[in-house]
Structure formats: C-alpha cells, structure tokens
Amino acid sequence: MSDGGGPAAGERRRQLLGTKLRALASSHLGVELDVEPIDFGTGAGFVLDGAAWVIVDGPAGRTLGASLVWAIRRRARSLDVVAEHGGGQLARRAAGFEFPIRVWFPENRALLPVVAEAAPPIYAADPDHLDLLRLINAGGATPLVERGVVTGDVRGLEVCRVVDEPTVGQFAELNDVPTDLISQPAEGVCLEVGVGANDREASQLIHGHLPKVAVLADVVASVTAHRSMDAPQHPLNRMAPERFLRWRAQQNPGILGLASLVPVDPPVPRQSVKHVEPCVARGVDADGQFVAVVFSCGVDLDLTPFVADVALSLPNEVKRVLIAAPERDLVAATQDLAGLLDRPVEMAGL
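Being a predicted model, the structure only gives us computed values, none of them experimental.

S.K.: Would you take a moment to explain the environment of glutamate 32 for this structure?
M.R.: Following the sequence through the fold, glutamate 32 ends up in the loop between α1 (7-29) and β1 (38-40). For the pair glutamate 32 and arginine 22, spaced 10 residues apart in sequence, the C-alpha separation works out to 8.5 Å.

Laid out in structure tokens, this is it:
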C-alpha cells in the first residue's frame, strides 16, 4: 500500500490503520474500545488489559517477529494480528510459539480466524537436471540441490543453475550465433552460469557459444578470490553472507560443537540470490544426535518465526535446534523471541 503523497500521506495512512484496527477490535469484542492505537514499523497497534492487537500494513508473511517484539516490549501476554494479505504463513509460524498468537482476516467489520497454510511442498529434482551435476563439479563449483532446484555455488554464493532450455532455434535467435556453435543439447536442459538471473542471462548472451565448463571455471575463480574472511569489501562477498557462514561451518563443524554438517532445504523457497535470508543445515553432534542449524546474518526480527517454521517441519530424530549468527547479530530481541518458542533453541555466535 503506497504512501504516494509523501510524509503527510504516510501519516494519514497510519492514522487510518489505527482507526480501522480499533473499529475491528471493538466489533469483535462487542464493546467500544477507548484506546488510541500507535503506529510502528509494520502497521499500527494497541495493548489493552495485557492483550496486544496489531494490524499489518501490506503482506504479513514476514511481520510476525516485529509484531511480537512490539507486543512483549509493552508487557503484553497475548497477540492478535489482523492481516489482509499473507496471513496463512504467519498463522503457521505462530503455531511454533508458546506465546498465545491469533491471526485474523478482516471481512467488512468482522474478524475471521485465519487458517494456517501448509508449508510449500518440496519437489524432487528433475532427473535430467541431476545429469548436469557432473558438469557443475567439472567447472569447480559445489553442487547443491535445494527444494528441487539444481545449482552450483562457491563458498555459499550461487554461480550457476540448471534450467529447462529453449529449442536450438530459439537459443540461436536470442544469441545471434549459428546453431552449430551452440554447446548445449538441442532440447532438454542447460546450465546457466552467473550470479543471479540477470547475470546468467548476460552470460548466455555473451558466452553462449563457449564450453560451459570453461565459462563456469572462470566465474568460480573470480568468486573464490572474493569469498574469504580477509578479502576486501566487494559485491561478491556482501551477497549471501548467511550462506558463507554455513559454508565455513561445513568446513569446520567443530566451531558449532558438531561432528558433521550438510545443507538442507529451507521451509520456504529462497526469494533470490540478492536477498539476505536464513538458510538451514543438519548436523550431528558428538553424541550422535541430529541438530538443525539455522544460519543468519544481520539483525532480522523475523529470524525466530523462520526458526519456528524450521522446527515445525523437523523429523522426530532431530533433537536440537541451533541459531548460528555473528555474535553482534544475536541481539536481545532475537533471544527474547527465541524464549517464546515451544521448544528450546540454542544460540551460537560466530
């Protein structure tokens, strides 16, 4: 929802949200509420008799953490969230907390309970896509299959992806090269090389006639030079920092007190290479117990709801859940929210 008229329009928008929340809560509770909602980062809210009410402005999927922090900082004992969009994911993650959370959808002046939506299904990778794992290895990248998508990365940064390819005629037309110079099969799948969709497209246009192994090896060498602890600041080491943390822990799982560590699927699809968002791994500790590890970088108020999503999907054999992040990012808000989950979560500063 846009604040297109500048600061004044934004202020009016927040006032309208607060008025709407008070009217909805009054109608739902059957009593006219004498309370003045206040705005905060993701919407507006008020606390009355220990119950926090918030209304989310826009998509609600990643607003649970901010709403919870706002509520507990005001000593609320429960949280009611009104969400017009994306409430299903929020309701699913809310189920992972001991703290009472209810999610509502506004229908005229009534509030309807939001049903928690199922986590997105994880599909198996296409066997034809898996056939290119050897090509990824040959180019020097580390193969990774995440939620059915086959990629190759370098120290946590995706540098190639297997996709369904167009026909020879389409590929030649896009690249303006003779069909006999195309190094990929006429139909089926191909390996696109590059960091992110735009880079992969540019690489196809410029290097589409060259052997994929050579193109990939060149990118791998360039990225490797920048993905290290002591490398100067560069766009290639600012992207996917949480996955660089996971890669470091894979090389030395002992820094987390683990004997081994492997990447696993996150509960929801990753938005893009350029988005900083948590990633997940499964480890084995010294006692042979399975451990779920969620890696994060930066202060992310929605990290704990993400961890709740991970915990809700864990098989019974995983006994421990661990958040791994740079020490400076394990702020009090994250630790407070972790204490509200319905299962113990440990913190590890890296």
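Structure's up, so let's keep going.
S.K.: Looking at this structure, how should I read the sheet that holds strand β13 (residues 290-295)?
M.R.: Read across the sheet, 5 strands follow the order β11-β12-β13-β14-β15 without closing on themselves; strand pairing throughout is mixed. Both edges of this open sheet fall to β11 (258-264) and β15 (346-349), since each of them pairs with a single strand only. With strand direction ignored, the average angle separating the axes of adjacent strands in the sheet is 30 degrees. Sheet analysis places strand β12 (residues 279-285) next to β13, joined by 6 bridges and oriented antiparallel. Each residue of the ladder has a partner; that of glycine 283, found in β13, is valine 291. Together, β11, β12, β13 and β14 (318-325) form the strand contacts of helix α10 (residues 241-251), whose direction differs from that of β11 by roughly 140 degrees. Across the sheet, helix α11 (residues 303-312) is in contact with β12, β13 and β14; its angle to β13 comes to roughly 150 degrees.

S.K.: Looking at this structure, I do not really get the packing of aromatic side chains. What am I missing?
M.R.: Each aromatic ring pair is characterised by the separation of its centres together with the angle its planes make. Tallying each qualifying case throughout the model produces 2 aromatic pairs. For the ring pair phenylalanine 40 and tryptophan 70, a centre distance of 5.1 Å and an interplane angle of 20 degrees mean the geometry is stacked. Placement of phenylalanine 40 in strand β1 and of tryptophan 70 in helix α2 (residues 64-73) is noted, with a sequence separation of 30 residues between them. The same class applies to phenylalanine 40 as to tryptophan 70, namely buried.

S.K.: Sorry, what's going on with the side chain of aspartate 153 here?
M.R.: Note on placement: aspartate 153 falls in strand β8 (residues 149-154). No salt bridge is formed by the buried aspartate 153; its nearest oppositely charged neighbour, arginine 246, is found at 5.3 Å. Every residue in contact with aspartate 153, bar those within four places of it in the chain, is listed here: Ala141, Thr142, Leu144, Glu158 and Val159.

S.K.: Sorry, what's going on with the sheet that holds strand β2 (residues 43-48) here?
M.R.: Adjacent strands of a sheet form backbone hydrogen bonds with each other and so pair up, either parallel or antiparallel. The 6 strands are arranged β1-β2-β3-β4-β5-β6 in an open sheet whose pairing can be described as mixed. Strands at the two margins of the open sheet, each flanked by one partner only, are β1 and β6 (110-113). For this sheet, the mean inter-axis angle between neighbouring strands, taken without regard to orientation, is 30 degrees. One ladder, built from 4 bridges, connects strand β5 (residues 101-107) with β6; its direction is antiparallel. The residue bridging phenylalanine 105 from the neighbouring strand is leucine 112, located in β6. Of the strands in this sheet, β1, β2, β3 (51-56), β4 (78-82) and β5 are in contact with α2, which crosses β3 at around 145 degrees.

S.K.: Would you mind going over the environment of leucine 191 with me for this structure?
M.R.: Position of leucine 191 relative to the elements: it lies in strand β10 (residues 189-193). The class for leucine 191 is buried, based on a relative accessible area of 0%. Placed 59 residues apart in sequence, leucine 191 and leucine 132 show a C-alpha to C-alpha distance of 7.3 Å.

S.K.: Can you help me understand the pairing of β13 in this one?
M.R.: Every other side chain in a regular strand lies on the same face of the sheet, so the side chains alternate between the two faces. Counting buried residues along β13, 5 of its 6 residues qualify, which places the element largely inside the surrounding structure. Where β13 and β14 come together, 6 bridges link them in parallel fashion. In the strand pairing of β14, valine 293 is matched with leucine 322. Of the crossover connections in this fold, the one passing from β13 over α11 to the parallel β14 is right-handed.

S.K.: What is the right way to read α10 from this model?
M.R.: Counting along an α-helix, one turn takes 3.6 residues, and residues three or four places apart therefore face a common direction. Listed in full, the buried residues belonging to α10 are Glu242, Arg243, Phe244, Leu245, Arg246 and Ala249. The inward-facing, buried residues of α10 abut β7 (142-146), β11, β12, β13 and β14.

About the cut-offs
- Counting starts from 1 at the beginning of each chain's written sequence and moves along it residue by residue.
- Only residues with pLDDT of 70 or above have their local features reported here, since the model is predicted, and side-chain atom pairs are shown and tallied only from 80 upward, although totals for entire chains, interfaces and linings are computed over all residues.
- Only hydrogens and water are set aside; all other atoms, that is, all heavy atoms of the structure, feed into the side-chain values.
- Segments assigned H or I by DSSP are reported as helices when at least four residues long, segments assigned E as strands when at least two residues long, and all are numbered from the N terminus.
- A pair of strands is labelled paired if DSSP reports no fewer than 2 bridges between them.
- Convention adopted: a line fitted to C-alpha atoms gives each axis, helices being fitted over their contacting stretch, and angles between N-to-C directions are expressed from 0 to 180 degrees.
- Here, two residues are considered to be in contact whenever any of their heavy atoms come within 4.5 Å of each other.
- Paired rings are identified among Phe, Tyr and Trp, the last through its six-membered ring, by centres lying within 6.5 Å, and are further divided according to the angle between planes into stacked (under 30 degrees), edge-to-face (over 60) and tilted (the rest).
- Burial here depends on accessible area, computed with a 1.4 Å probe over protein chains only, as a share of the maximum for the residue type. Under 20% is buried, over 50% is exposed, and the range in between is partly exposed.
- Here Asp and Glu are counted as negative and Lys and Arg as positive; His is not counted, and neither are the chain ends.
- In what follows, salt bridge is the name for a side-chain nitrogen of Lys or Arg lying within 4 Å of a carboxyl oxygen of Asp or Glu.
- When the strands point away from the viewer, a crossover counts as right-handed if the route from the first strand across the helix to the second turns clockwise.

Take it as geometry only, folks, not as evidence of what the structure does.
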